[in-house]
Amino acid sequence: MLNRMESTRTEPLALRALAGRTALVTGSTSGIGLGIARALAAQGANIVLNGLGDAGAIERTRMEIEAMHEVGVHYDGADLSMPSAVTGMIERTLSRGGRLDILVNNAGIQHVSPIEDFPPAKWDQILAINLSSVFHAIRAALPAMKSNGFGRIVNVASAHGLVASPFKSAYVAAKHAVLGLTKVVALETAEFDITCNAICPGYVWTPLVEKQIEDQAKAHRISRDEVINTVLLKAQPKKRFATVEEIGALTVFLAGDAGRSITGTALPVDGGWTAQ
Ligand code: NAD
C-alpha cells in the first residue's frame, strides 16, 4: 500500500541512531509525513503525529508504530491553519517531556487552478498551512531547542520551491517562501547545534498527488494516464514517483549526527527535475 514501510522489526533501542530524541512531524496521518514518522520511529525517536483524518484510523496507526518500533507515539490533532493551534501543539509536546529535538514541518495542501479562477480563500488557506504554520512552529520550538543545545528542523518544501508549474500559484509561492525561511532560520541558529533544511520532493505518489491527478485531468481536459505520463512525470527525467521511504531516509540522515554541518540547504529528491 502507499504509506506502509516494510514491516521489519528494528534493532534494540539503545543501538538506534535517534534513540531518546523526540520528533514532531506535522501532517503525518498520511503520505510523506507518515513515511517520515515511521522512518524516525524505526531509528528510535519518540514521535508526535499530527494531521487530519478519521480518529479510529489515526489511533490504529499510532498504536501500530508504537508497537512495531517500541517508541512512544502521541497524536496531536492541531489544525495548522490557525497560528494559536500550531503554538499550542508545540507547547503540549514540550510540556510532555521537555524536549523537541526534531521538528518536521511537512503538512501541506494543494489547489490547482488558473490564477483568474483561483479562489482567494484557497490562496489564504494554502499560505496559512504550507507557509505560516512553518514559521509559527519554528518560532515556538526554537527557545527549547536552544536551551537543550540540540535541534533539527526539516521543512518539506517541494521541487515547486525551486521552479514553477502553471495553475499552482499559491502552492509555488508558499514553497518558494519556505526555502527563504529555511535559510534565515539556518543563519539565526548556526551557532547552536541546530540545523534547518528543506527537502524538495518531485512527485511522490500520495493522496495529495492522487487528488491532483483528478484536478489536472479537468484543467487540461485529458485522461488520468495522460496526466501521469504527460503532465506529472513529464518534467521528472527518471519517470518514476519518489517514495515516502526515500523521503523518510533523507530526514533520518538530516536528523542524525552526520547531518550536523548541513544547514540552510534545499535538497531536491526529484528524479532530476530541477537539474534541467
Ligand atoms: P497528503 O495529502 O498525503 O498529506 C498531507 C498531510 O497534511 C495529511 O496528514 C493531512 O491531514 C495534513 N494536513 C492538511 N491540512 C492540515 C491542517 N489544516 N492541519 C493539520 N494537518 C493538515 O500529502 P503529501 O503528498 O504527503 O504531502 C506532504 C508534504 O509534501 C506537503 O507539504 C506537500 O506539499 C509536500 N510535497 C508533496 C509532493 C508529492 O508529490 N506528494 C511533492 C512535493 C512536496
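Residues numbered from 1 in each chain as written. Predicted model: local features only at pLDDT ≥ 70, side-chain atom pairs only at ≥ 80, totals over all residues. Heavy atoms only, no water.

Chemist: What am I meant to see in helix 5 (residues 169–188) here?
Modeler: An α-helical segment advances 3.6 residues per turn. Residues three or four places apart therefore align on the same side. In this model, helix 5 (20 residues) spans 29 Å end to end at C-alpha, consistent with the 28 Å of a helix rising 1.5 Å per residue. Among the residues of helix 5, Ser169, Ala170, Tyr171, Val172, Ala174, Lys175, Val178, Leu179, Leu181, Thr182, Val185 and Ala186 are the ones counted as buried. On its buried side, helix 5 packs onto helix 4 (120–148), strand 5 (151–156), strand 6 (194–201) and strand 7 (266–269). (Helix = DSSP H or I, 4+ residues; strand = E, 2+ residues; numbered from the N terminus. Expected span 1.5 Å × (residues − 1). Buried < 20%, exposed > 50% of the residue type's maximum accessible area, 1.4 Å probe, protein only. Contact = heavy atoms within 4.5 Å.)

Chemist: Would you take a moment to explain the site of the ligand for this structure?
Modeler: Near the ligand you find 31 residues, and of these Ser30, Asn106, Tyr171, Val204 and Thr206 are the closest. Within the backbone of leucine 80, a nitrogen or oxygen atom sits 2.9 Å from a nitrogen atom of the ligand. Separating an oxygen atom of the ligand from a side-chain N or O atom of threonine 206 is a distance of 2.3 Å. Spatially, the ligand is embedded in the largest pocket. If you list the elements that add at least two residues to the shell around the ligand, you get helix 1 (31–42), helix 5 and helix 6 (207–220). Counting residues per element, the shell around the ligand draws most heavily on helix 6, which supplies three residues. Taken together, the residues of the shell around the ligand break down into 16 nonpolar, 13 polar and two charged. (Near = heavy atom within 4 Å. Polar contact = N/O pair within 3.5 Å; in protein donor to acceptor, adjacent residues only side chain to side chain. 1 Å grid on protein atoms, 1.4 Å probe; cavity = no way out; pocket = protein on both sides within 12 Å on 5 of 7 lines; lining within 4 Å. Sits in = over half its atoms within 2 Å of the grid points. Nonpolar A, V, L, I, M, F, W, Y, C, P; charged D, E, K, R; others polar.)

Chemist: What am I meant to see in the nonpolar core here?
Modeler: The nonpolar side chains of a soluble globular protein tend to be buried with one another. Core analysis: the largest hydrophobic core is formed by 33 residues, its most contacted members being Ile90, Leu103, Ile138, Met145 and Ile153. Mapped onto this core, the elements with two or more residues apiece are helix 3 (83–97), helix 4, helix 5 and strand 6. Of the residues forming this core, the biggest block, nine residues, is contributed by helix 4. Those residues in contact with isoleucine 90, other than ones at most four positions away along the chain, are Leu24, Leu100, Leu103, Ala137, Ala140 and Ala141. Judged by nonpolar contacts, the second largest core, of 30 residues, contains Leu18, Val71, Val156 and Val204. (Core = buried A, V, L, I, M, F, W, Y, C linked by side-chain atoms within 4.5 Å.)

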